Amino acid sequence: AKKGSYDLVIQDAVNDLSVPSHLMTKEYNDAVKRSLKADGVFLLTIIDSVEHGKVWRAAMRTLRETFAHVHLLASSEPPAVARPADGKEAEAWEERSAAWASGRQVYVIYAADAPLDLAALRAATDAAG
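Overview of the structure. (Residues numbered from 1 in each chain as written. Predicted model: local features only at pLDDT ≥ 70, side-chain atom pairs only at ≥ 80, totals over all residues. Heavy atoms only, no water.)

### Focus: the packing of aromatic side chains
1) Next: Counting across every chain of the model gives 2 aromatic pairs.
2) Next: Ring centres of Phe 42 and Phe 67 lie 6.2 Å apart, and the angle between their planes is 35°; this geometry places the pair in the tilted category. Linking Phe 42 in strand β2 (residues 36-49) with Phe 67 in the loop between α2 (55-63) and β3 (69-74), this pair joins segments that are 25 residues apart in sequence. Taken individually, Phe 42 and Phe 67 each receive the classification buried, so the pair is uniform in this respect.
3) Next: A network of ring pairs unites the aromatic residues Tyr 28, Phe 42 and Phe 67 as a single cluster. (Phe/Tyr/Trp six-rings, centres within 6.5 Å; stacked < 30°, edge-to-face > 60°. Helix = DSSP H or I, 4+ residues; strand = E, 2+ residues; numbered from the N terminus. Buried < 20%, exposed > 50% of the residue type's maximum accessible area, 1.4 Å probe, protein only.)

In structure tokens:
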């Protein structure tokens, strides 16, 4: 890739639950960063479990060696942070929380030297519909 010419690089090289190991190295991340403009963004798609997964943790740890800002974005909305007080709502919350955390889903890891603007991301995804 041409040095400093891209606004966005998206890596979607997932094979079931794994990503080819040579695409998960600091050297690879450094090469991606060299291809990005100063405010460019690298997005990495993975499939994992947030609770038990090792791929997303390893990817984020390695990406932090190259990029100032690294964030895990889920393809589904996590349960509300606050647990309902009691009753059926609390039971449903606990079941949903456990299923969400332990189940496999698609994640996108944001890596850039610019902070992630979650409000702008939400607005763009809401507008896209």
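Next comes the rest of the write-up.
### Observations concerning the sheet that holds β2
1) Next: Strand order in the open sheet formed by 4 strands is β1-β2-β4-β3, and the pairing between neighbours is mixed. This sheet does not close on itself; its edge strands, each paired only once, are β1 (6-11) and β3. On average, adjacent strands in this sheet sit at an angle of 20° to one another, irrespective of strand direction.
2) Next: Direction of pairing for β1 relative to β2: parallel, over a ladder of 5 bridges. Residue pairing for β2: Leu 8 is matched across the bridge by Val 41.
3) Next: Helix α1 (residues 26-35) contacts β1 and β2 of the sheet and is inclined by roughly 140° relative to β2. (Pairing = 2+ DSSP bridges. Axes fitted to C-alpha atoms, helices over the stretch in contact; angles between N-to-C directions. Contact = heavy atoms within 4.5 Å.)

### A look at the side chain of Thr 45
1) Next: For Thr 45, the location among the structural elements is in strand β2.
2) Next: Look at Thr 45 and you get buried, because its relative accessible area is 14%.
3) Next: With near-sequence residues (within four places) excluded, Thr 45 lies in contact with Gln 11, Asp 12, Val 14, Val 19, Val 106, Tyr 107 and Val 108.

### Looking at α1
1) Next: Taken as a whole, α1 has its buried residues at Asn 29, Val 32 and Ser 35. For α1, the arc enclosing every buried residue in end-on projection is 115°, short of the 170-degree limit, so these residues lie on one face. The exposed set on the far side of α1, more than 90 degrees from its buried face, consists of Glu 27 and Arg 34. (Arc of directions from axis to C-beta.)

### Side note on the environment of Leu 116
1) Next: Secondary-structure assignment places Leu 116 in the loop between β4 (104-112) and α4 (118-128).
2) Next: Placed 47 residues apart in sequence, Leu 116 and His 69 show a C-alpha to C-alpha distance of 7.3 Å.
3) Next: Contact partners of Leu 116, with chain neighbours within four places excluded, come to His 71, Leu 73, Tyr 110 and Leu 121.

### Things to note about the side chain of Thr 66
1) Next: With respect to the helices and strands, Thr 66 occurs in the loop between α2 and β3.
2) Next: For Thr 66, a relative accessible area of 8% puts it in the buried group.
3) Next: In this structure the side chain of Thr 66 is engaged in a polar contact, spanning 2.8 Å, whose partner is the side chain of Asp 30.
4) Next: Not counting the four nearest positions on each side in its chain, Thr 66 is found in contact with Lys 26, Asn 29, Asp 30, Lys 33 and Asp 113. (Polar contact = N/O pair within 3.5 Å; in protein donor to acceptor, adjacent residues only side chain to side chain.)

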